Amino acid sequence: MTTTLLIKNARVLVTMDEQRREIADGALFIRNNVIEQVGYSADLPAEADDVIDASGHVVVPGLINTHHHMYQSLTRVIPAAQNGELFNWLTNLYPIWANLTPAMVQVSTLTAMAELMLSGCTTSSDHLYIYPNGCRLDDSIEAAQQIGMRFHAARGSMSVGQSKGGLPPDRVVEQEAAILKDTQRLIESYHDASRYAMQRIVVAPCSPFSVSPALMRESALLARSYGVSLHTHLAENANDIAYSREKFNLTPAQYAGECGWVGPDVWHAHCVQLDDDGIALFGRTGTGVAHCPCSNMRLGSGIAPIRKMLDAGVAVGLGVDGCASNDSGHLLGEVRQAMLLQRVGFGPDAMTARQALEIATLGGAKVLNRDDIGALKPGMAADVVLFSLDQIAYAGALHDPVAALVFCTPANVACSIINGRVVVRNGLLISMELPIVLERHNQLAQQLAELAR
């Protein structure tokens with residue numbers, strides 16, 4: 001059955017189209033799950049099956065989260081992992097995560113996705129790389145289908161435990177043949193390559209310090225045989241660099257190149273310590289980067305040279321990263337932090353508010369290898385979010401409402417539409433009973449912490 005949705009009277013409608021138009025008194029007309037018309041309210045149809053009055057709101061394309069570990073919402077601010085750099089942080093948390101159950105993966109995914117959706121995110125990747133006690137990526141996929149999030153589910157993996165010189169304990173790694181077999185199963189079961197797809201599968205060995213070069217190469221071959229994307233962590237901090245030099249006698253970027261992990265179908269998380277040669281390689285090959293500023297600050301990893309990457313033509317998207325290395329999943333907050341952190345690292349003009357917003361929309365779409373999300377124009381997926389300007393955070397900032405979204409205190413959405421379906425209305429998530437989920441989430445988080453004692 002055909003349904004139509006009209007969003008009209010927007011204070012500003014930010015299109016992110018080729019001209020980067022910002023339309024005062026803007027409107028969108030949506031048919032089913034696709035944007036059909038964009039323009040001034042007076043020029044669009046006056047009626048639809050559902051009409052949303054966007055007076056006093058900024059309307060923007062749904063934000064895109066390119067890196068996350070949603071299960072980590074169960075282990076926020078664990079005392080043993082509140083301080084220390086990446087490797088120390090991981091070694092304190094691996095034993096806790098070893099007790100994850102399928103129910104924990106599912107409820108943490110719902111919680112993390114709810115937080116993202118309320119912050120303006122409509123598409124998210126998630127990198128699940130630990131599978132104890134019968135956990136499967138299917139648990140995350142079912143949660144995404146339930147809540148209505150556009151989802152790129154990354155089948156992560158770890159195969160090199162401490163006994164083989166890796167970082168994770170042996171009890172949380174898998175056999176490489178089993179990893180590849182399950183990854184193939186997931187692609188064949190769930191991957192949707194069609195335009196406007198709500199579900200895609202990503203091949204995603206965890207990191208150079210937790211999988212072998214053979215698995216990296218075999219994973220690339222598998223992904224390309226099915227036409228799916230590749231994702232991993234790379235060059236996150238100084239210890240990450242040292243590991244690559246010691247084990248492979250290569251920089252992380254050189255290692256990625258040796259393993260076939262460059263190209264427009266690949267994106268790497270963090271790249272805080274990516275050197276100039278690595279930046280040039282990524283720009284030349286169309287390799288993407290997921291920038292996670294809050295997590296990088298939290299773990300003291302450094303400031304990723306995003307300004308340099310953008311100038312070199314590298315595709316850059318934003319990621320909130322794991323809920324235990326960020327302790328937040330607010331994507332609009334990450335937009336603000338990305339802008340501020342580049343100014344600290346590279347000068348006060350290193351990134352504007354609109355450039356940061358573009359990274360979170362068009363940048364994220366490019367990183368995920370999609371051309372159907374990230375902008376509000378005819379033919380694009382109907383992923384739209386509305387932020388109300390009628391709140392104290394924006395008082396005195398209405399001379400530039402678009403910049404206010406980024407400069408001012410990060411707000412939650414008033415309304416969110418994903419694939420043409422309203423999932424947040426009047427600031428409330430309507431696709432799920434959030435209080436029930438949060439109660440269950442907190443119970444399981446407590447149980448997980450107690451199991452590690």
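Residues numbered from 1 in each chain as written. Predicted model: local features only at pLDDT ≥ 70, side-chain atom pairs only at ≥ 80, totals over all residues. Heavy atoms only, no water.

(A) Here's a closer look at the pattern of salt bridges. In this structure the tally under the stated criterion is 20 salt bridges. Glu358 serves as the salt-bridge partner of Arg20, at 3.0 Å between the closest nitrogen and oxygen. Taken together, the residues span a long stretch of sequence, with Arg20 in the loop between strand S1 (4–14) and strand S2 (22–31) and Glu358 in helix H12 (residues 353–367) at a distance of 338 residues. Between Asp372 and Arg370 there is a salt bridge, with the nearest N and O atoms lying 2.9 Å from each other. For Asp372, a relative accessible area of 2% translates into the label buried. Since its relative accessible area comes to 6%, Arg370 is described here as buried. One network of salt bridges, with partners in common, ties together Arg136, Asp138, Arg155, Glu174, Asp182 and Arg185. (Salt bridge = Lys/Arg side-chain N within 4 Å of Asp/Glu carboxyl O. Helix = DSSP H or I, 4+ residues; strand = E, 2+ residues; numbered from the N terminus. Buried < 20%, exposed > 50% of the residue type's maximum accessible area, 1.4 Å probe, protein only.)

(B) Local environment of the environment of Asp311. By the secondary structure assignment, Asp311 is in helix H10 (residues 306–311). A relative accessible area of 59% means that Asp311 is categorised as exposed.

(C) Expanded view of helix H5 (residues 213–226). The first and last C-alpha atoms of H5 sit 20 Å apart over 14 residues, in line with the 20 Å expected at 1.5 Å per residue. Buried residues belonging to H5 abut strand S8 (150–157), helix H4 (176–190), strand S9 (199–205), strand S10 (230–234) and helix H7 (252–258). (Expected span 1.5 Å × (residues − 1). Contact = heavy atoms within 4.5 Å.)

(D) Expanded view of the side chain of Asp126. Mapped onto the fold, Asp126 is located in strand S7 (residues 121–128). Among the polar contacts listed, one links the side chain of Asp126 to the backbone nitrogen of His69, at a separation of 3.4 Å. Setting aside residues up to four positions removed in sequence, Asp126 forms contacts with His68, His69, Met70, Ser140, Phe151, His152, Ala153 and Ala154. (Polar contact = N/O pair within 3.5 Å; in protein donor to acceptor, adjacent residues only side chain to side chain.)

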